[in-house]
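Structure at a glance
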Amino acid sequence: MTGHITYPTSGEKITAKDGKLQVPDNPILGFVEGDGIGPDITRASMRIWDAAVEKAYNGKRKVHWCELYMGEKAAGLYDGNYFPEETKAALNDLLVSIKGPLTTPVGGGFRSLNVSLRQELDLYACVRPVRHYAGVPSPLKKPEDVDVVIFRENTEDVYAGIEYQSGSEENRKLAAFLRNEMGASFFEDAGLGVKPISEFGTKRLVRKAIQYAIDNNRESVTLVHKGNIMKFTEGAFRSWGYELAREEFPEQTITEEELYSTYGGKRPEGKVVIKDRIADIIFQMMLLRPNEFDVLATMNLNGDYLSDAVAAEVGGVGIAPGANMSDNVAVFEATHGTAPKYANQDKVNPGSLLFSGVMMLEHIGWQEAADLITAAYQEVVTSRIVTYDFARQIEGATEVKTSQFADAIIAQIQGGMNIEEFRARREEAIEKDRKVRELRRVSSPLEEMIASGRIPHTVGDLMNPSPISVPPETTVEDAMHLMREKSISSVITRPGADGQWGIMTQRDVISRIVSKNRAPASVKVDEVASKPLVTVPVDMTLHECAEKMSNSNIRRCAVIDKDQEPIGIISDTDIFASVEQFGLPE
Ligand code: NAP
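Residues numbered from 1 in each chain as written. Predicted model: local features only at pLDDT ≥ 70, side-chain atom pairs only at ≥ 80, totals over all residues. Heavy atoms only, no water.

1. Examining the overall build of the protein
Looking only at helices and strands, the protein has 22 helices and 24 strands in total. Across its three principal directions, the C-alpha atoms of the protein cover 100 × 70 × 50 Å. Expressed as a percentage of its 586 residues, the buried residues of the protein come to 50%. Look at the contacts in the protein between residues 6 or more apart in sequence, and 70% of them connect residues 24 or more apart. Total accessible area computed for the protein in this model is approximately 27400 Å², and 50% of it derives from carbon and sulfur atoms. Side chains of the protein give 66 positive and 86 negative charges; the mean places of these two sets differ by 3 Å. (Helix = DSSP H or I, 4+ residues; strand = E, 2+ residues; numbered from the N terminus. Buried < 20%, exposed > 50% of the residue type's maximum accessible area, 1.4 Å probe, protein only. Contact = heavy atoms within 4.5 Å. Areas by Shrake-Rupley, 256 points an atom, 1.4 Å probe, with all protein chains shown as cover. Lys, Arg positive; Asp, Glu negative; His and termini not counted. Charge placed at Lys NZ, Arg CZ, Asp CG, Glu CD.)

In structure tokens form, the structure reads like this:
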């Protein structure tokens, strides 16, 4: 049974220490060429990866490939076994491997080999970077705005396989339990499925997503969920995600609410913003404002839909790369299937596998080689040298074979491209885009937040930030000038001898000064202000805030931060307008 895999003696294994990879200059990487079109695209891609590494490091670094077997090739070698133990052991041992597409064997109760691979190696995160490459046809007006990395949970959700067919004995048992003991009601003969979402499964996925965002200078991580409907599964995913960020990355992350309430829309240098979006809104946002999103963390089902939908915006699965990862093991893979009708025709697009390899080079820290391929690819596609699939969509294209496409990219790589300039241009574009968005957040925070798909649900989301405060000895006249100049209807008064903050509103001036015929210039704000100031914490829900306002019979509250400092004002009008527009959030 065993004995078909031989590690090249010239190479060294990659190891892991404290969760970090230790990569020698001559690492052994595993590869599975795959079925159908797999050999064609693997052969072409491997030539490109090797050429880029050679060029980037002048021969100082080199991948030592080790062939591993899955799918039809494995079945031929291992007596009908499509996923031999020897391959499993090598994938675990080598830590980093790449695979082509695999045929799902038909009949005989076979599970998809990809599903087996994920489950047996516990590769819990499916990682799919989706970005646009210059020259690639796209239905979007500004496809360059798409640049996200989707972290999809791979082991839980309705995909866990806990399903009971309508009419089966198990179904009847479960239905009776749900009806009789849990008080559930549903139609007779309904098929039943269970959706497990655990704290453990959620946190390890979100941890990986946040760590990636930190390591790659990404701006935000968005938790995608449908928690407004499925509270204890999707809603819990959201809560556990925020909890993990708070507990494990307190220095490196802030929430979106803090971005607005504490930082006035300006992201502090290096901090990753943790936000969340309802699953249906994220589909709309990825079409209308894709540059608002950076890293997305999703559960299994949402992520499945989302990664294909977003990939379709920038060229489709033909070029979308991917990887499945556990804490230490990573298997990179083409995301399309085996396209059997094109097998061995040297015809198809190697992009998906090629860029999975680019991801792999980035994963082992060989960024220079990865960048060379990305730059060369765009040069070639922009000059309209493409495989049949893109040729169908690009007018005046020169259609080439898979191997010729690889030749063209290698020629670019070897032709001495200016990678520094390429990288600088990209970084400059990202920085410019971030600045433009920051300006919008600072100048019109509420509009911006709502346009980017966030539904206001806390006091911090709605408050008017940076409240104006005045010293207690300020005259009412001066305070009135200030209020008119700033177009505000209240000022906060700083603590005087009594040590208490207060608030003076237009109504207070009318009822306590004007109607009493007192001269505003001779009264201090401290005498007129209402005290003590009624305050609410920045993360209080809108309904709790409304309750507090009603109980205290007031129309506005000061919003305070953790240090009890006033950082904003929220009024009943703000809450009314938000609930009218969005309803009362959970
Ligand atoms: P598919 O193999 O992805 O092919 C569907 C169509 O997508 C092809 O006919 C072709 O479109 C286009 N396509 C796929 N790869 C392409 C490439 N590299 N370049 C250009 N076009 C490409 O999907 P399928 O036909 O549904 O599945 C075939 C087999 O693959 C099944 O056994 C399935 O189980 C397996 N599969 C494996 C994986 C995996 O290993 N990760 C994933 C999905 C499916 P045109 O016909 O328009 O030219």
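2. Section: unusual backbone geometry
Following Lys531, the chain continues to Pro532 via a peptide bond in cis, the omega torsion being -10°. One can find Pro532 in the loop between helix H20 (525–528) and strand S22 (535–537). The phi dihedral of Asp79 falls on the positive side, at around 65°, and the residue is not glycine. With respect to the element layout, Asp79 can be found in the loop between helix H2 (71–77) and helix H3 (85–94). On the accessibility criterion, Asp79 (71% relative accessible area) is exposed. Of note in this structure, Asn553 is not a glycine but carries a positive phi near 55°. By the element assignment, Asn553 lies in the loop between helix H21 (542–552) and strand S23 (556–560). According to the relative accessible area criterion, Asn553 is exposed, its value standing at 69%.

3. Description of helix H12 (residues 367–382)
In a regular helix each residue adds 1.5 Å, so 16 residues correspond to 22 Å; H12 covers 22 Å between its end C-alpha atoms and thus fits that length. Within H12, twelve of the 16 residues are buried, leaving the element largely enclosed by the surrounding structure. Taken together, the buried positions of H12 are Ala369, Ala370, Asp371, Leu372, Ile373, Thr374, Ala375, Ala376, Tyr377, Gln378, Val380 and Val381. (Expected span 1.5 Å × (residues − 1).)

4. Examining the site of the ligand
Taken together, the neighbourhood of the ligand is formed by 20 residues, with Gly337, Ala339, Lys341, Tyr342 and Tyr388 sitting nearest. Residue Leu102 places a main-chain N or O atom 2.8 Å away from an oxygen atom belonging to the ligand. Take Thr338: an N or O atom from its main chain is 3.0 Å from an oxygen atom of the ligand. Protein burial of the ligand: of its 880 Å² of free accessible surface, 67% is covered by the chains. A breakdown of the residues in the shell around the ligand according to their chemical character gives nine nonpolar, seven polar and four charged. (Near = heavy atom within 4 Å. Polar contact = N/O pair within 3.5 Å; in protein donor to acceptor, adjacent residues only side chain to side chain. Nonpolar A, V, L, I, M, F, W, Y, C, P; charged D, E, K, R; others polar.)

5. A few points about the packing of aromatic side chains
A full pass over the atoms with the stated rule returns ten aromatic pairs. On the numbers, 5.7 Å between centres and 70° between planes, the contact of Tyr133 with Tyr377 is edge-to-face. Taken together, the residues Tyr133 in the loop between strand S6 (125–131) and strand S7 (147–153) and Tyr377 in helix H12 connect sequence positions 244 residues apart. Assessed through its relative accessible area of 7%, Tyr133 is described here as buried. For Tyr377, a relative accessible area of 0% translates into the label buried. With a centroid separation of 4.9 Å and an interplanar angle of 50°, the aromatic rings of Tyr342 and Tyr388 are classed as tilted. Of this pair, Tyr342 sits in the loop between strand S15 (330–334) and helix H11 (351–363) while Tyr388 sits in helix H13 (residues 388–391); the two residues are 46 residues apart in sequence, bridging distant segments of the chain. (Phe/Tyr/Trp six-rings, centres within 6.5 Å; stacked < 30°, edge-to-face > 60°.)

6. Structural notes on the packing of helix H9 (residues 279–288) against helix H10 (residues 300–313)
Put simply, H9 and H10 touch, their axes get as near as 10 Å, and they point 10° apart. If you check the angle between H9 and H10, you find them roughly parallel. Seen from H9, the contacting residues are Ala279, Ile282, Phe283, Met286 and Leu287; seen from H10, they are Asn302, Tyr305, Leu306, Ala309, Val310 and Glu313. (Axes fitted to C-alpha atoms, helices over the stretch in contact; angles between N-to-C directions. Parallel < 35°, antiparallel > 145°, perpendicular 65-115°, else oblique.)

7. Brief notes about the nonpolar core
Core analysis: the largest hydrophobic core is formed by 106 residues, its most contacted members being Trp65, Val221, Phe332, Ile373, Tyr377 and Ile409. In this structure, Val221 is in contact with Ala209, Ile210, Ala213, Val272, Val273, Ile274, Lys275, Val295 and Ala297, ignoring residues within four places of it in sequence. Among the nonpolar cores identified, the runner-up in size contains 17 residues, and Val148, Val224, Ala279 and Met285 belong to it. (Core = buried A, V, L, I, M, F, W, Y, C linked by side-chain atoms within 4.5 Å.)

8. Here's the deal with the sheet that holds S22
One open sheet holds the four strands; their spatial order is S18-S24-S23-S22, and the pairing between them is mixed. Every interior strand has two partners, whereas the edge strands, strand S18 (464–465) and S22, have only one. Inspection of the sheet shows S23 paired to strand S24 (residues 566–571) by five bridges, in the antiparallel sense. Its bridge partner being in S24, Val559 is matched across the sheet by Gly568. Here H21 sits on the sheet and contacts S22, S23 and S24; the angle it forms with S24, its principal contact strand, is near 80°. Along the sheet, helix H22 (residues 572–582) makes contact with S18 and S24, crossing S24 at roughly 65°. (Pairing = 2+ DSSP bridges.)

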